[in-house]
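Summary of structural features
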Amino acid sequence: PKAGWGTRLVQGFIILASVLVVALFGALIAGASGYIYIAQRVPSPDELAKQSKNLFVSSQIYDRQGNLLYDLIDPQGGRRQIVPLNRVSRYVILATIDTEDAYFYKHPGFDPLALVRMVYYAVSEREFVSGGSTITQQVARNMILSEDERTERTLKRKIREIVLASEVSRRYSKDEILEIYLNMANYGNLAYGIQAAAQTYFHKDAADLTLAEASFLAGLPQSPATYDVLGGGREQALRRHHSVLSLMVEQKDITQAQADAAAAEIAAFQFKLPETSLQVPYPHFVAYVRELVEQQYGTEVYHTSLKIYTTLDPRLQKLAEDVAREKINDPALKDKHVTNAAVIALDARTGEILAMVGSVDFYNAEIQGQVNMATAARQPGSSIKPLTYMAAFEKGWTPSTLIWDVPVKFVNQYGQEYEPVNYDERFHGPVTVRSALANSYNVPAVKALDFVGLPTFLEAANKAGITTLTRPDYGLALTLGGGEVPLIEMAGLYQIFANEGRRIAPVAIKRVVRSDGEVMFDYQPPEGEPVFSPQHAYLISSILSDNDARLPMFGANSALKLSRPAAAKTGTTNDFRDNWTMGYTPELVVGVWVGNADNSPMKGTTGLSGAAPIWHDFLEKALEGQPASEFKRPAGIVEKEICAGTGTEPSQYCPSDRRRKEIYAEKQLPLPLEEDLHWPPCAAWGEQLVFVYPEDEFVKAWVASAPGQAWAAARGVKFVAQSECAAVSPAGPVLVSITQPAEGSAVSGLVQISGSVSGALDYYEAMYEGQQAGWISGPHFSAVDNNMLTVWDVSGLPGGEYILRLVAHAKSGEVTEVRVKVNVIR
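All of the points below concern the structure found in this document. The structure presented is a predicted model; accordingly, all values stated were derived computationally and were not measured. (Residues numbered from 1 in each chain as written. Predicted model: local features only at pLDDT ≥ 70, side-chain atom pairs only at ≥ 80, totals over all residues. Heavy atoms only, no water.)

Things to note about the packing of aromatic side chains
- On inspection of all chains with the given rule, the structure shows 18 aromatic pairs.
- Ring plane angle 80 degrees and centroid distance 6.4 Å describe the contact between tyrosine 201 and phenylalanine 271, whose orientation is recorded as edge-to-face. Here phenylalanine 271 lies in the loop between α11 (256–267) and α12 (283–297) and tyrosine 201 lies in helix α8 (residues 194–202), a separation of 70 residues in the sequence. The exposure classification of tyrosine 201 matches that of phenylalanine 271, with both residues buried.
- Members of the aromatic cluster, each reached through a chain of ring pairs, are Tyr201, Phe202, Phe216, Phe269 and Phe271.
- Taking NZ or CZ as reference, lysine 174 lies 5.0 Å from the ring centre of phenylalanine 104, over its face.
- One cation-aromatic arrangement involves lysine 395 over phenylalanine 451; the distance from NZ or CZ to the ring centre is 5.2 Å. (Phe/Tyr/Trp six-rings, centres within 6.5 Å; stacked < 30°, edge-to-face > 60°. Helix = DSSP H or I, 4+ residues; strand = E, 2+ residues; numbered from the N terminus. Buried < 20%, exposed > 50% of the residue type's maximum accessible area, 1.4 Å probe, protein only. Lys NZ or Arg CZ within 6 Å of the ring centre and 35° of its normal.)

With respect to the environment of threonine 398
- Tracing the chain through its elements places threonine 398 in the loop between α15 (385–394) and β7 (402–405).
- Expressed as a C-alpha distance, the spacing of threonine 398 and isoleucine 663, which sit 265 residues apart in the sequence, is 8.6 Å.
- Not counting residues up to four positions away in its chain, the partners in contact with threonine 398 are Phe393, Val433, Tyr664, Gln668 and Leu669. (Contact = heavy atoms within 4.5 Å.)

A closer look at helix α18 (residues 454–463)
- Within α18 the residues assigned to the buried category are Phe457, Ala460 and Ala461. Angular distribution of buried residues about the axis of α18 spans 100 degrees; they occupy a single face of the element. Residues of α18 that are exposed and point more than 90 degrees away from the buried face comprise Pro455 and Asn462.
- Downstream of α18 by a residue or two, glycine 465 has a phi angle that is positive, lying close to 90 degrees. (Arc of directions from axis to C-beta.)

Topic: the sheet that holds strand β25 (residues 734–740)
- Taken in spatial order, the three strands of this open sheet run β25-β27-β30, and their pairing is antiparallel. Because the sheet does not close on itself, it has two edges, and the strands there are β25 and β30 (784–793). For this sheet the average axis-to-axis angle between neighbouring strands, irrespective of direction, equals 30 degrees.
- Pairing geometry for β25 and strand β27 (residues 750–759), over six bridges, is antiparallel. Bridged to isoleucine 738 within β27 is glycine 755. (Pairing = 2+ DSSP bridges. Axes fitted to C-alpha atoms, helices over the stretch in contact; angles between N-to-C directions.)

Have a look at this one:
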């Protein structure tokens, strides 16, 4: 008989349970077999005692020419002295366990929950996630696994590591494992093992370490280069110390009060290398590369033989060091409390770091020489201004956009007032963007940032690779250097200007090769990320390399002028704590910082007098013997005539000595001549007054816009009321004639127009009308006596009847026009 639904359901559960039991049993059998299989085929954990006496395999750092710079462990074995666990401070043991492996004394060598999580992601997500290893796993990995295997990031390697850790935990006591770990750990600065670390950082034995000292050291093995308190990682190391203390409080090994006291003790401690420290060439660059390698390959790099070829050019590095040291030791600077300098040199096209000088003397504690000022964030002063103007170009400004450099007051959202002033404590009236940036005027730069807007500026900075402008309370003074930026990131910004708007982040490593010859990394310079338009980048280069434009503030022969085309910008903070000179040629980007690492102020030293001489001499010597290169002009750049005083197309009243050429992105041209402020005397422009310069009798009158009136009055400019206009207006007719082409004649191609224009001439121009109408040429300001007036190209016009017009303007304002009818033939 057929079973009922209830019976069939029970049978189904029985079958399912049986299958699960069989599967679980099978998994257990497979797991046990796998464990035995792996355990039988790995090196015996008994090798630990032997291996602990010979822990290290070195990796080497080379310059770009293959010269050895540094061994990632001491070539003579590092500073390491084995100590038994009973000669280690109890605080070291507590801090290490709480930080690295809180359940060290309870688990079987690995964290079961971490194992489950790892298997889950490997199976369900098809993604291997290598979580934090226990102390026992770290010992097993670094002491037993082969050099190649320990760097693998695979599930298979992780399982082998866990099996080994289980075997190690079974055969060795927890104290023995912890002792091996503390003697093998890398604490940075060539300190391997807790005894070497205690002597390196605190000049005492491991047994004598206090809570503050022990907890500080316990945080270092996670990333020794990142937390290099003797290099540029002091802030990161202090934050890591806080994390370790928090973990100790969480595990109830210390109180919060003890944690606070320990944190304060280390924050006030002045770290310095022991006198026996091994001196290496280019220590700041080497430390920088070490951190990059650690970030890429983890701490395994200290136990794996790698050849790391860097971008450093030894000739340029030595040159940068020599020039910086020579200038800083100049008595003229020493008398002004100038003690330190940093230099960065990048390949403009590839982003490769060719030189990095973090200080003039790494081993001089008096100047805090171990702090890498090439990577430390400092206020850049006016050297950040080109980024403001770049953002303004992207919003429509041009090199000839007029800015009134006059007193101005800004009020922020909190009601606070801000009145920027220029470095020379003067105001310069109407200035173009070219003049404002070239001369580093502050007021126009603040107005430019006000036009751009802080959010847009910060977005541009972020796109340019600047990572440190993160405060929420920046104001318009940010364009004057009110934020902090590392020298290396400022060099990255200027690399974009030099590289036609494309960003290639600074690169320090060219190749990484394993001991078996496998190439793990090979840098191929990318095309670069387009951050700014090539046209706008070229405009910045044009302005920063325009020695004539910066004459008013810097003179004709400043340190910014090289024997070849070079763009340059200085920066000086208001309190003289930081001097900068940033700049580039088509080949090299060079940034220089001058100041004091302790942030104490210098005495009256500017970017021009402090940093620029280093920048100048380095670039001149670095490129000596190489042909000079011009900045490449991209497509889409056009040249237009403007009136220099107003930045617009010149009206007929713009004096000839104020006319010059300017360049533009082809879709952002100068304002039309109607915006020119030059007008005939007493010309009406709304209800505004007009004024004339005292030395000008007639024409060069200028309408005073509202922001310019106070500036004009202070400079002795005479204001003229409308009722007084007749007194300054000249009179007199202009005589005009056209002798060629003749009335009714046929014309084609290029037509020479001849005749005369004489009398009290202001200017004349030629135009035509007919089937089409257009402008031929002008304004022309010189009188012509029976000679060629202009040339008319009719080759592109449809055939037919046209009227040639010659219009002359007298200084009195009278207009005279002569017309000639011609026939254009094809």
